[in-house]
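In case you want the letters, here they are:
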Amino acid sequence: MPRDTLSRPLRDLRISVIDRCNFRCPYCMPEDQYAQDYVFLSKDQRLRFEEIDRLTRAFVSLGVRKLRLTGGEPLLRRDLPQLVQQLARIPQVDDIAMTTNGVLLPKFAQALRDAGLQRLTVSLDTLDAETFRTLSGGRGEVSEVLDGIAAAERAGFGQIKLNCVVMRGINDMQVFDLVERFRGTPHIVRFIEYMDVGTVNHWDNQTVVRSAELIERIGTRWPLAGLEANYRGEVAERYRFVDGAGEIGFISSVSQPFCGDCARARLSADGKLYTCLFARSGHDLRGPLRDEASDEELAALISSRWQQRADRYSEQRAQLRAQGETQHVEMFAVGG
């Protein structure tokens, strides 16, 4: 199985099925950059389901065991449960998950569960209705996301991860509301440090709320105790409530980079392989695929690229930004 230049294996694959989204979150797809007339990928430019299936099988042959469907908003991709069903048939895949903003879950949660989707992560940055409207670019209501979570529960998703990107002066004073709302449930709220993904979100280091600060603030109200990682390379630092009311997590790409254990590859909706969330460009797999490359040739292309991988942007962020290296693939193109 291939290892990169830092001896990191290939274990996780994040598959972006569409670059469109029904929200305009300022840290990912701000409205002023992606207005109504923005031209996204056409149907022909996107990978077809059978193409995603073939490429995924190539990744699995190289050691991938975990899949995550992302977007944009993946539930905007027509017939997505059909893709889940196809991927669930691939031998050696241990886990299929999806990240979504949750709004369309009332329509699709049961079909996704029946097709073989095992886990859900829902983006939820605040419970405050007005702040939520701001953070969705005026395109969503927090009540819709909560309805989506309820629909997922009814469909059998017992433990849902709830991701909150924390930004100082915007939603950082509302984290207690999220903790209080989901304490005592099986769900896990995870607070994410605001990252400089893409090139258009106007990232400012002063807007970042370090996880250490949040842990101290939350722990003062609800005492916390650290937990061991579920597996090597887990991105979230885990904590339990001392009173037994569940678990929360913290993803600290800015203050505590985890590049050293990163085993994730990303496949964009147009068939490019990205070896880092902060990569400048991807490596085309759609072209060889449509030129009738064999399964072995596709696996060899992926393996060759992975073995050249040296990415560790988060560990080098300050140095690279000082050198003017701020051009990254947009997050909606490769998922989070």
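What counts, and at which threshold
- Residues numbered from 1 in each chain as written.
- Predicted model: local features only at pLDDT ≥ 70, side-chain atom pairs only at ≥ 80, totals over all residues.
- Heavy atoms only, no water.
- Helix = DSSP H or I, 4+ residues; strand = E, 2+ residues; numbered from the N terminus.
- Buried < 20%, exposed > 50% of the residue type's maximum accessible area, 1.4 Å probe, protein only.
- Pairing = 2+ DSSP bridges.
- Right-handed = clockwise from strand over helix to strand, strands pointing away.
- Salt bridge = Lys/Arg side-chain N within 4 Å of Asp/Glu carboxyl O.
- Contact = heavy atoms within 4.5 Å.
- Axes fitted to C-alpha atoms, helices over the stretch in contact; angles between N-to-C directions.

A. Here's a closer look at the environment of Arg89. Relative to the elements of secondary structure, Arg89 occurs in the loop between helix 2 (80–88) and strand 3 (95–100). Taking relative accessible area as the criterion, Arg89 reaches 55% and is therefore assigned exposed. Between the alpha carbons of Arg89 and Leu67 there is a distance of 12 Å; along the sequence they are 22 residues apart.

B. Summary view of the pairing of strand 2 (residues 66–70). Summarising burial for strand 2: 5 of the 5 residues are buried, a large majority. Neither face of strand 2 is open: one carries Lys66, Arg68 and Thr70, the other Leu67 and Leu69, and all of them are buried. Strand direction decides the pairing type here: strand 1 (residues 12–16) and strand 2, joined by 5 bridges, are parallel. Bridging from a neighbouring strand, Asp12 pairs with Lys66 of strand 2. Relative to strand 3, strand 2 runs parallel, the two being bridged by 4 bridges. In the sheet register, Leu69 faces strand 3, and the bridge partner there is Met98. Assessed by its sense of winding, the connection that carries the chain from strand 2 through helix 2 to strand 3 is right-handed.

C. Broad picture of the pattern of salt bridges. Scanning all chains against the criterion turns up 18 salt bridges. Two residues, Arg133 and Glu130, come together in a salt bridge whose shortest N-O distance is 2.9 Å. With Arg133 and Glu130 both in helix 4 (residues 129–135) and 3 residues apart, the pair spans about one turn of that helix. Take Arg133: its relative accessible area is 30%, and that puts it in the partly exposed class. Notably, a salt bridge pairs Glu213 with Arg168, separated by 2.9 Å at the nearest N-O pair.

D. Representation of the sheet that holds strand 2 within the structure. Strand order in the open sheet made by the 12 strands is 7-8-9-6-5-4-3-2-1-10-11-12, with mixed pairing throughout. If you trace the sheet from one side to the other, it starts and ends with strand 7 (224–226) and strand 12 (283–284), each paired once. The pairing of strand 1 with strand 10 (residues 264–267) spans 4 bridges and is classified as parallel. Residue pairing in the sheet places Arg14 in a bridge with Arg266 of strand 10. Strands in contact with helix 6 (residues 175–182) are strand 5 (161–166), strand 6 (188–193) and strand 8 (237–241); relative to strand 6, the strand with the most contacts, it is inclined by about 160°. The sheet contacts of helix 7 (residues 211–221) involve strand 5, strand 6, strand 7, strand 8 and strand 9 (247–251), and relative to strand 9 the element is tilted by about 160°.

Any functional reading would require information that these geometric values do not contain.
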